[in-house]
Amino acid sequence: MNPLRTLATAHWLPGEPPPPLPGFSASTFNPLVAAVAERCLAAAHGEPGEPRRTGLLLASAGGDRATALAIDTAAAGRRMPPLLFFQSNPNAVLGHVAARWALTGPVVAISPPEAAAPGEVPPDALELAALLLADGDADQVLVIAAEQAEPTSPQAEQAEPTGDSGPAGGADHATAVLVTAA
């Protein structure tokens, strides 16, 4: 595998609520991904500007748990809010980031076998980033590892606690790393 060179990193730590993201509701997952992507890209490039051949790669073992719960709850007899369909696709928020920053590389979402610990990016994601760079599909790849705590439903709140507080301690967290070939 080709070695990678890190251009910038950013973290969104547990307990730090992300700012709202217009067009996304019922969940902190997409605002979390957009916020950490924004931090990382701003660290490397300052402000959005000219188009860049930058790929986007989102790695999340659990995905958007809150949107999945909202869809399940709404499907149980209530009218389904249309935004839930849009935001249930993990590439939707990546499209938002790509449009805002004029990124023209590939957009990929993967589900690694295990959740990344806060501050880490799964090795699978970095390997895929190296492949995207080696293929010439991008000059840089923004790799985002994001995990959301297990949301609670009214039924779950009434059930006995299991001791499982979700991924990596039960709080939302994300890490982004902008890489290029070494």
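Located above this text is the structure these notes cover.
The rules behind these values
- Residues numbered from 1 in each chain as written.
- Predicted model: local features only at pLDDT ≥ 70, side-chain atom pairs only at ≥ 80, totals over all residues.
- Heavy atoms only, no water.
- Helix = DSSP H or I, 4+ residues; strand = E, 2+ residues; numbered from the N terminus.
- Buried < 20%, exposed > 50% of the residue type's maximum accessible area, 1.4 Å probe, protein only.
- Polar contact = N/O pair within 3.5 Å; in protein donor to acceptor, adjacent residues only side chain to side chain.
- Contact = heavy atoms within 4.5 Å.
- Expected span 1.5 Å × (residues − 1).
- Pairing = 2+ DSSP bridges.

Engineer: Would you mind going over the side chain of Asp172 with me for this structure?
Structural biologist: Within the secondary structure layout, Asp172 lies in the loop between α6 (154-158) and β5 (173-181). When its relative accessible area of 18% is taken as the criterion, Asp172 is described as buried. A distance of 2.3 Å separates polar atoms of two side chains, one belonging to Asp172 and the other to Thr28. Among the polar contacts listed, one links the side chain of Asp172 to the backbone nitrogen of Ala149, at a separation of 2.8 Å. With residues up to four places along the chain from it excluded, the contact list for Asp172 reads Leu13, Pro14, Gly15, Thr28, Leu32, Glu147, Gln148 and Ala149.

Engineer: Got a minute to help me understand helix α5 (residues 123-134) in this structure?
Structural biologist: Along an α-helix, residues three or four apart share an orientation, since each turn contains 3.6 residues. Compared with the 16 Å implied by 1.5 Å per residue over twelve residues, the 16 Å span of α5 between its first and last C-alpha is a close match. Next to the buried residues of α5 lie β1 (4-12), β2 (54-59), β3 (107-110), β4 (140-147) and β5. Following α5 by one or two positions, Gly136 adopts a phi angle in the positive range, close to 80°.

Engineer: I would appreciate a short explanation of the pairing of β2 in the present structure.
Structural biologist: For a regular strand, side chains alternate in direction, first toward one face of the sheet and then toward the other. Among the six residues that make up β2, six are buried, leaving the element largely enclosed by the rest of the structure. In β2, alternate side chains face the same way, and those of Thr54, Leu56 and Leu58 on one face and Gly55, Leu57 and Ala59 on the other are all buried. Relative to β4, β2 is paired through six bridges, and the arrangement is parallel. Residue pairing across strands places Thr54 opposite Gln140, the latter belonging to β4. Across four bridges, the pairing between β2 and β3 is parallel. Bridged to Ala59 within β3 is Ile110.

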